[in-house]
Structure formats: C-alpha cells, structure tokens
Amino acid sequence: MQFLLLSLLATALRGNSLYDCVVVGGGLIGMLSARQMKLEGRSVLLLDQGSLGAESSWAGGGILSPLYPWRYADAVSRLAAYSASHYHSLAQTLMQESGIDPEWTQSGLLMLDSDEKTQAQAWAQQFAVELQILERKSIEALEPALATQTNEALFLPSVAQLRNPRLVKALKASLQYHQIDVSEHEAANTIEQKNGRVVAVNTARRRIPTETVIITAGAWSAALLAQAGIQVEVEPVRGQMLIYKAVPELIRHIILDQGHYLIPRRDGRILIGSTLEYVGYDKSTTEQARQQLSTRAVELLPALVQYQIEKHWSGLRPGSPSGIPYIGCHADTEGLYFNCGHFRYGVILGLASVQLLHELIHGRKPILDPAPYALNATR
Ligand SMILES: Cc1cc2nc3c(=O)[nH]c(=O)nc-3n(C[C@H](O)[C@H](O)[C@H](O)COP(=O)(O)OP(=O)(O)OC[C@H]3O[C@@H](n4cnc5c(N)ncnc54)[C@H](O)[C@@H]3O)c2cc1C
C-alpha cells in the first residue's frame with residue numbers, strides 16, 4: 001500500500017509522465033542509453049519490437065576499431081578513440097553487475113594489405129595510436145599458421161575485441177540489476193508531439209506519456225523518425241558471417257586482408273566476416289556468401305579446412321552516409337533525441353555516442369564537438 005502511494009506520488013510529481021524517458025530500440029545503443037539515464041536517476045522504459053540485443057548488436061564481430069581506420073572521417077575516429085579507452089572498464093563493470101564476461105580481449109589488429117602505409121602512419125600520429133610496420137619474418141613469427149605472401153603488414157597492437165552475444169547478454173542482465181523497465185515485443189508506432197515537444201510514445205497496446213524519447217532503433221530508425229518529421233539517411237545493410245569451431249591459439253590476432261577479417265575468440269572459435277549487401281530488411285543467409293567467406297577463410301588460414309562451420313548468420317547494419325552516426329535532437333521538437341546510423345562500427349562507436357548524447361540531453365559540456373553528428377552536418 002505504502003509502495004503504491006509512493007509511486008502515485010512520484011508520478012504526480014512528474015506531471016502526467018509515467019516515465020521520464022522512453023528509449024525506443026534495445027540494441028547495444030538503446031541498452032547503453034537506458035542504463036545511462038537510469039544511473040542519472042531518471043525513470044526509464046526501454047521498448048523493443050523484438051527481443052533485446054537480438055539484431056545487429058548480436059550479429060556483429062565486436063572488433064573495437066574501424067577496419068582500415070584512416071579511411072574514415074575524423075568524426076568516426078574521435079568516437080572510436082573515446083570508446084576504445086573506456087571499453088575495458090565498461091566490460092569489467094558489466095561483468096560485476098551481470099556475472100557474464102563480455103570477453104574484452106586486446107587481440108591487436110594485423111592488416112596484411114599495406115598499400116596505404118602513408119595514410120595509416122599519418123592517422124596513427126594524429127590519434128596517438130601505436131602502429132607497427134611488420135616485415136615478413138615478424139608476420140610469420142606473430143601468426144605462423146597464416147598463409148600469406150605479403151612482405152609487409154600493418155599492425156595495431158592496441159585494438160581489442162568483445163564477444164557480441166556475451167556483451168548484449170551482460171547488458172541485458174545489467175538492466176535487470178539496475179531495475180530498468182523493459183518491454184520486449186512492443187514496437188513504438190508513433191512519437192506524439194504537442195506544441196513543439198514530445199508528450200508520448202504510442203504502441204499498438206498503449207499510450208506511454210513521457211517528456212524525453214531517445215530513438216535508438218538501428219536500421220529501422222529512419223521510418224520512425226520520418227513519422228516524427230525528422231529525416232535521416234539510415235538504411236539496412238546486410239552482413240553475413242561464419243563461425244568455425246576451431247581450437248585456441250590457432251591465430252591470436254584479428255587478421256584483416258582485402259576487406260575480410262578473421263576474429264579469434266578465447267575458446268578457439270574463429271569468425272570470418274563479412275558481406276556488405278543492400279537487400280532491404282531481408283535477413284536470410286545465402287549459399288553464395290557461405291562459399292565466398294569459407295573460401296577466403298581457408299585461403300588465409302589453411303588449417304581451418306579441418307574444422308566445421310558451426311553457424312552462418314546475418315545482421316542488418318544501420319547504414320549511413322560515410323558511417324557517421326546521427327547523434328542529437330531536432331531543434332523544433334523538444335525532448336526528441338536520436339542516436340542511430342552507426343553502420344559498420346556501432347560497437348566501437350556506441351559507447352562514446354551514448355555518452356555524447358547523454359551530455360547533450362543534460363546540457364553538460366560534451367566529450368566531443370557534437371557538430372559533425374548533427375542532422376544538418378555534411379556526411
Ligand atoms: C556482420 C556484422 C559485423 C559487424 N561487426 C562489427 C564490428 O566488428 N565492430 C563494430 O563496432 N560494429 C560491428 N557491426 C556493426 C554493429 O553491430 C552495429 O552498428 C550496432 O550493433 C548497431 O547497434 P544499434 O543498437 O543501433 O542497432 P541494433 O542492434 O540493430 O538494435 C536496434 C533495435 O531497435 C529495435 N527496433 C527497431 N524499430 C523499433 C520500433 N519501432 N520500436 C521498438 N524497437 C524497435 C530492433 O528490434 C533492434 O533490437 C557489425 C554488424 C554486422 C551486421
């Protein structure tokens with residue numbers, strides 16, 4: 001009885017809002033956002049049209065760096081740099097809260113194609129990242145099982161990785177730990193506005209009054225935001241991956257060669273990724289991709305031929321122009337925020353983008369200049 005009175009009082013003090021904030025979309029970005037708002041003392045509801053963390057955030061490789069990072073705008077590198085320096089600590093905290101180890105591992109990233117050495121060196125200097133140029137002997141010493149004819153490779157020893165399914169599982173448990181309200185299999189259909197501000201989120205089941213909405217709907221964000229009068233260029237881009245059930249230490253580093261990568265997990269499993277396909281919301285896997293990926297995997301690491309492909313899956317990346325996410329709000333709609341379009345690098349960019357948006361919401365000094373991520377920024 002006393003609890004009921006207290007909740008009624010809390011609701012009355014918040015006006016008609018049932019929640020201070022509704023986060024729409026429970027991938028990595030949405031779960032981190034909901035957690036962050038709750039840590040700030042806000043009442044939060046996290047909505048997902050399916051299950052939490054079951055889309056792109058589950059499907060990804062978890063490499064904590066863009067591939068060939070010098071090819072991207074500084075706006076991408078800045079988010080990546082902030083996240084890279086904070087992920088280990090987040091992984092440890094999530095493990096304490098959930099009992100699940102997201103397997104943050106500093107594997108290093110070995111790039112076998114080195115034609116862009118000059119650009120790589122300039123980028124490494126600008127962002128104070130250690131870059132090693134390796135000759136053939138050192139490559140062989142680092143990864144003896146690789147079959148490569150290359151005489152020179154680029155190595156970023158500080159690059160780490162996380163194991164996506166474990167990361168989303170740990171985050172989900174962390175939401176429970178923080179007693180954050182979650183509603184799965186409930187899609188937000190419309191964002192209701194009145195007099196230039198957000199007043200509610202509507203689903204097929206109910207109207208949820210609130211004064212702050214954060215759209216973190218990944219590849220589905222554009223339609224939802226368009227309904228609220230906000231245009232973003234975010235579209236699904238399918239990525240297919242394979243995982244081999246191999247043995248530990250067959251390779252020890254993340255290997256990248258001509259766009260394909262191998263990721264060794266702690267238990268010996270090895271991922272090979274990935275495709276980049278513009279096929280709408282079709283999440284099926286194809287025999288063609290399986291052939292292409294397995295051929296590349298065995299070319300790079302011949303020993304893989306004796307191990308079985310355990311799983312083949314796909315995910316829909318939230319593709320955006322130049323891979324620069326949309327982080328911020330719309331000047332005409334108070335209380336409506338978005339954090340979407342992280343494309344190929346939502347895991348590495350996600351931690352920083354959530355922190356940046358959080359500071360914008362609370363009017364604090366941001367970790368980074370938010371201008372490159374605004375709606376009207378050139379991408
Ligand atoms: C094959 C592959 C490999 C990748 N490898 C890497 C990598 O190595 N490193 C890296 O940093 N990134 C990688 N990525 C990219 C990364 O996974 C994504 O950028 C990131 O997961 C995006 O997170 P998100 O939370 O925005 O989207 P998602 O994880 O897709 O989550 C969006 C959520 O919103 C929900 N939703 C949508 N519409 C609604 C609605 N109307 N109402 C309620 N809920 C809704 C969905 O159900 C979904 O759960 C990879 C992606 C793929 C597919």
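Residues numbered from 1 in each chain as written. Predicted model: local features only at pLDDT ≥ 70, side-chain atom pairs only at ≥ 80, totals over all residues.

Draft legend 1. Representation of the overall build of the protein chain within the structure. Each helix and strand counted, the protein chain has eleven helices and 16 strands in total. The globule rule puts the C-alpha radius of gyration for 379 residues at 21 Å, and the 21 Å found for the protein chain is close to it. In terms of principal-axis extent, the alpha carbons of the protein chain reach across some 70 × 40 × 40 Å. Burial status across the protein chain gives 46% buried among its 379 residues. The long-range share in the protein chain, meaning contacts at least 24 apart out of those at least 6 apart in sequence, stands at 73%. (Helix = DSSP H or I, 4+ residues; strand = E, 2+ residues; numbered from the N terminus. Rg over C-alpha atoms; globule rule 2.2 N^0.38 Å. Buried ≥ 20, exposed ≤ 12 C-beta atoms within 10 Å, placed from the backbone. Contact = placed C-beta atoms within 7 Å.)

Draft legend 2. Spatial organisation of the site of the ligand. Of all residues adjacent to the ligand, which total 43 residues, the nearest are Gly25, Gly27, Gly218, Gly239 and Gly346. Elements that contribute at least two residues to the shell around the ligand include exactly helix H2 (28-39), helix H3 (56-59), strand S10 (235-245), strand S14 (309-319) and helix H11 (346-361). When residues are assigned to domains, the shell around the ligand turns out to be shared by domain 1 (2-57 + 167-233 + 322-373) and domain 2 (109-157 + 235-319), each giving three or more. (Near = placed C-beta within 6 Å. Domains from an automatic or database assignment.)

Draft legend 3. Examining the nonpolar core more closely. Residues Val22, Val24, Val213, Ile254, Ile255 and Leu262 are the most contacted members of the largest nonpolar core, which totals 111 residues. If one sorts the elements of this core by residue count, H11 sits on top with nine residues. Each of domain 1 (2-57 + 167-233 + 322-373) and domain 2 (109-157 + 235-319) accounts for three or more of the residues forming this core. Non-local contacts of Ile254, meaning those with residues more than four positions away in its chain, are made with Ile63, Ser107, Gly108, Leu109, Leu110, Val159, Gln161, Tyr261, Leu262 and Ile263. (Core = buried A, V, L, I, M, F, W, Y, C linked by C-beta atoms within 7 Å.)

Draft legend 4. Layout of the environment of Leu375. Turning to its location among the elements, Leu375 is positioned in the segment after H11. Sequence spacing of Leu375 and Cys329 is 46 residues, and the spatial spacing of their C-alpha atoms is 7.9 Å. Contacts of Leu375, omitting those with residues within four sequence positions, involve Ile230, Tyr326, Gly328 and His330.

Draft legend 5. Layout of the domain arrangement of the protein chain. When the domains of the protein chain are assigned, the result is domain 1 (2-57 + 167-233 + 322-373) and domain 2 (109-157 + 235-319). Just the C-alpha atoms count here: the centres of domain 1 and domain 2 sit 33 Å apart. Residue-level contacts link twelve residues of domain 1 with eight residues of domain 2.

Draft legend 6. Inspection of the packing of H2 against helix H8 (residues 164-177) at higher detail. Where H2 contacts H8, the axes come no closer than 10 Å and their chain directions differ by 30 degrees. For the element pair H2 / H8, the angle class is roughly parallel. The hand of the H2/H8 crossing is left-handed. Where H2 approaches H8, its residues Leu28, Met31, Leu32, Ala34 and Arg35 are matched on the opposing element by Val168, Leu171, Lys172, Ser174 and Leu175. (Axes fitted to C-alpha atoms, helices over the stretch in contact; angles between N-to-C directions. Parallel < 35°, antiparallel > 145°, perpendicular 65-115°, else oblique. Left-handed = near helix turned anticlockwise from the far one by under 90°.)

Draft legend 7. Representation of the packing of H2 against H11 within the structure. As a packed pair, H2 and H11 sit with axes 9 Å apart at the nearest point and diverge in direction by 35 degrees. Seen from above, H2 lies across H11 with right-handed handedness. Residue-level contacts link Leu28, Ile29, Leu32, Ser33 and Gln36 of H2 to Gly346, Val347, Gly350, Leu351, Ser353, Val354 and His358 of H11.

Draft legend 8. Seen up close, the environment of Leu271. Tracing the sequence through the fold places Leu271 in strand S13 (residues 269-273). The exposure class assigned to Leu271 is buried, which follows from the 25 C-beta atoms found within 10 Å. Separated by 123 residues in the primary sequence, Leu271 and Thr148 place their C-alpha atoms 18 Å from one another. Leave out the neighbours within four places in its chain, and Leu271 touches Gly61, Met241, Ile243, Leu262 and Ile263.

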